[in-house]
Amino acid sequence: MSGDSKKTIIGSGLTGPLLAIMLANRGYTVDLYEKRADLRKADISAGRSINLALSHRGIHALKSANVFNEIEPLLIPMKGRMVHLPDGNTDFQPYSINSHEYINSVSRGELNKILMTVAEKTGNVNIHFKHTLSKAESGVLVFENGKRIEAEGEVFGADGAGSVVRQYIDSNSDKPSKSEPLGHAYKELSISADAAGEFKLEPNALHIWPRGQFMLIALPNTDKSFTCTLFMPIEGENSFTTLVNADDVSCFFNEYFADALPLLDDFPWTYFDNPTGKLATIYAERWHYENFCLIGDAAHAVVPFFGQGMNASFEDCEVLLGCIDECNRNWQAIFSAFNEKRKPDTDAIAKMAIENYIEMRDLVAQPEYLARKKIANQLYRKFPNQFIPRYNMVSFSSIPYAEVYRRGMVQKEIISNLNSENLDFPLAESLISEQLEPVN
Ligand code: FAD
């Protein structure tokens, strides 16, 4: 096998194994190095949030790698947001007017296991567990276990937000990457199945308790439990800094999440047992140097409020494969094309993810938001190829994120000219035909 046929990937999280499958399907042989032990053998967590929302972009990439059939049985459709209001009432807000447009809850660990197994089954991928990359330098990979490997061919950094590969690229760039903290953090909690083994909440929804500056969410799991995540400022009046003891935490939940409180497992002790996760956006200008190239969170970690980090990372793999086709195995040209093509899109989803935090934790409970949503849905029904609500473009289409952002701004302006109680369709039609070209 020639050097050109060999590729190395650092990180066997979500992006690494999917990229390995796609490269293997093209005939490349791949060595994949992962710092953790093999989670299919050891009883270890796959890290961070234990379930994720998978939507169109991720599904499209999984289908193009021929792995979606194995993943589909693990999915729980979430057809809309179940908003839990402070007075205890709930308001179900469907994600779309079309019944086939919904997002799916999937276990991070199970997804990771399937991707690794499929990668190995190609016969072209070799996964080396317990290999933590400590340093990358010109063509050489140095691991914490003392191994030094001369990488033949290209090396992909799929080693997540804290990427060591990115550090090497940064050290050779006059515009190193930046990590911008959100100032908010998260804590996972859980709701197990009831005594009869059934879900304690509606399973086909993403539950949200929006409370202005903070929120609780819950996503269903196939064992009929829910994984809940509390997102809250790190400092300030109601924050991770001020909730210090069991009384503080119980009082806080009793005041803001009274209907969720009796459902939470082993509360408030889980609050103290589980780690507090920090949230940040990574902005990297340069994704490649020499034979190294970043992909997934290593290149562009985003905050999780649009449920797009993994979806965008999976879509990266498809975009990269497209660049391989276009640039005919000239790897410097492939890396440049990938960086250039993808960066405006990942910047756009980074921005939309931050904006969506405010939507989820606050706006979904506001009448003005509901009025704007009503107009958007009426326009979507009437002009389905032109006016597509931004959430739908992000979650249920492959329209590039930067184009979604642009169209979203135009649509916001159009909505501001219309009245939800008495929608002026002729005016809407003229504004739409002037400013929004049909999609497809
Ligand atoms: P990672 O999943 O971080 O994988 C990196 C891998 O590299 C890991 O296996 C790690 O062990 C390994 N590694 C790291 N350093 C080294 C090293 N030095 N040497 C060797 N191996 C190394 N996205 C969605 O699409 N939908 C969601 O609903 C969603 N929810 C989220 C909720 C939360 C709370 C968070 C924090 C994120 C969420 N995301 C979601 C984002 C998603 O988790 C990431 O975008 C996705 O995991 C990126 O995959 P990755 O493989 O690039 O990085």
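Look a little higher up for the structure.
Our subject in this report is the structure included herewith.

Procedures and definitions
- Residues numbered from 1 in each chain as written.
- Predicted model: local features only at pLDDT ≥ 70, side-chain atom pairs only at ≥ 80, totals over all residues.
- Heavy atoms only, no water.
- Helix = DSSP H or I, 4+ residues; strand = E, 2+ residues; numbered from the N terminus.
- Buried < 20%, exposed > 50% of the residue type's maximum accessible area, 1.4 Å probe, protein only.
- Contact = heavy atoms within 4.5 Å.
- Near = heavy atom within 4 Å.
- Polar contact = N/O pair within 3.5 Å; in protein donor to acceptor, adjacent residues only side chain to side chain.
- Nonpolar A, V, L, I, M, F, W, Y, C, P; charged D, E, K, R; others polar.
- Expected span 1.5 Å × (residues − 1).
- Pairing = 2+ DSSP bridges.
- Axes fitted to C-alpha atoms, helices over the stretch in contact; angles between N-to-C directions.
- Phe/Tyr/Trp six-rings, centres within 6.5 Å; stacked < 30°, edge-to-face > 60°.
- Lys NZ or Arg CZ within 6 Å of the ring centre and 35° of its normal.

This part is about the side chain of Asn291. Along the chain, Asn291 turns up in the loop between strand E18 (288-289) and strand E19 (292-294). Since its relative accessible area comes to 16%, Asn291 is described here as buried. In this structure, Asn291 is in contact with Gly139, Ala151, Gly153, Glu154, Val155, Gln332 and Phe335, ignoring residues within four places of it in sequence.

This part is about the site of the ligand. Around the ligand, a shell composed of 32 residues is seen, among which Thr15, Glu34, Ala53, Arg108 and Asp297 lie nearest. Between an oxygen atom of the ligand and a main-chain N or O atom of Gly309, the distance comes to 3.3 Å. For the shell around the ligand, the elements supplying multiple residues, two or more each, are strand E3 (51-54) and helix H9 (309-327). Residue contributions to the shell around the ligand peak at 4 residues, all from H9. Considering only residue class, the shell around the ligand consists of 11 nonpolar, 14 polar and 7 charged.

With that settled, the discussion passes to helix H4 (residues 108-121). Under the 1.5 Å per step criterion, the end-to-end length of H4 is 20 Å for 14 residues, consistent within 8% with the ideal 20 Å. Buried within H4 we find Arg108, Gly109, Leu111, Asn112, Ile114, Leu115, Met116, Val118 and Ala119. Two or three places before Gly109, at the opening of H4, Ser107 has a side-chain oxygen 3.3 Å from that residue's backbone nitrogen. Downstream of H4 by one or two residues, Gly123 has phi in the positive range, about 80 degrees.

What follows deals with the sheet that holds strand E10 (residues 140-143). With antiparallel pairing, 3 strands are arranged side by side in an open sheet as E9-E10-E11. What marks the edges here is a single partner per strand, and that holds for strand E9 (133-137) and strand E11 (148-150). Sheet twist, expressed as the average angle between the axes of neighbouring strands with direction ignored, equals 20 degrees. With 3 bridges joining them, E10 and E11 adopt antiparallel strand pairing. Each residue of the ladder has a partner; that of Leu141, found in E11, is Ile149.

Here strand E14 (residues 206-210) lies mainly inside the structure; 5 of its 5 residues are buried. The pairing of E14 with strand E15 (residues 215-220) spans 4 bridges and is antiparallel. What sits directly across from Pro210, in E15, is Met215. Between E14 and E15, which follow one another and run antiparallel, lie 4 residues, and Gly212 among them has a positive phi close to 85 degrees.

The relation between two aromatic rings is expressed through the spacing of the ring centres and the mutual angle of the planes. In total, this model carries 26 aromatic pairs according to the counting rule given. Taken together, a centroid distance of 5.8 Å and an interplanar angle of 65 degrees make the contact between Tyr168 and Tyr289 edge-to-face. Here Tyr289 lies in strand E18 and Tyr168 lies in helix H5 (residues 164-170), a separation of 121 residues in the sequence. We classify Tyr289 as partly exposed; its relative accessible area is 21%. Each ring, one from Tyr186 and one from Phe231, has its centre 6.1 Å from the other, and the planes form 40 degrees; the classification is tilted. Within this pair, whereas Tyr186 is found in strand E13 (residues 178-191), its partner Phe231 is found in strand E16 (residues 226-233), the two being separated by 45 residues in sequence. Here Tyr186 and Phe231 have matching classes, each one buried. Following the ring pairs from residue to residue traces out a cluster consisting of Phe214, Phe252, Phe253, Tyr256, Phe257 and Phe267. It is Arg57 that lies over the ring of Tyr401; its NZ or CZ is 4.1 Å from the centre. A cation over an aromatic ring shows up here: Lys187 above the ring of Tyr271, its NZ or CZ 4.7 Å from the ring centre.

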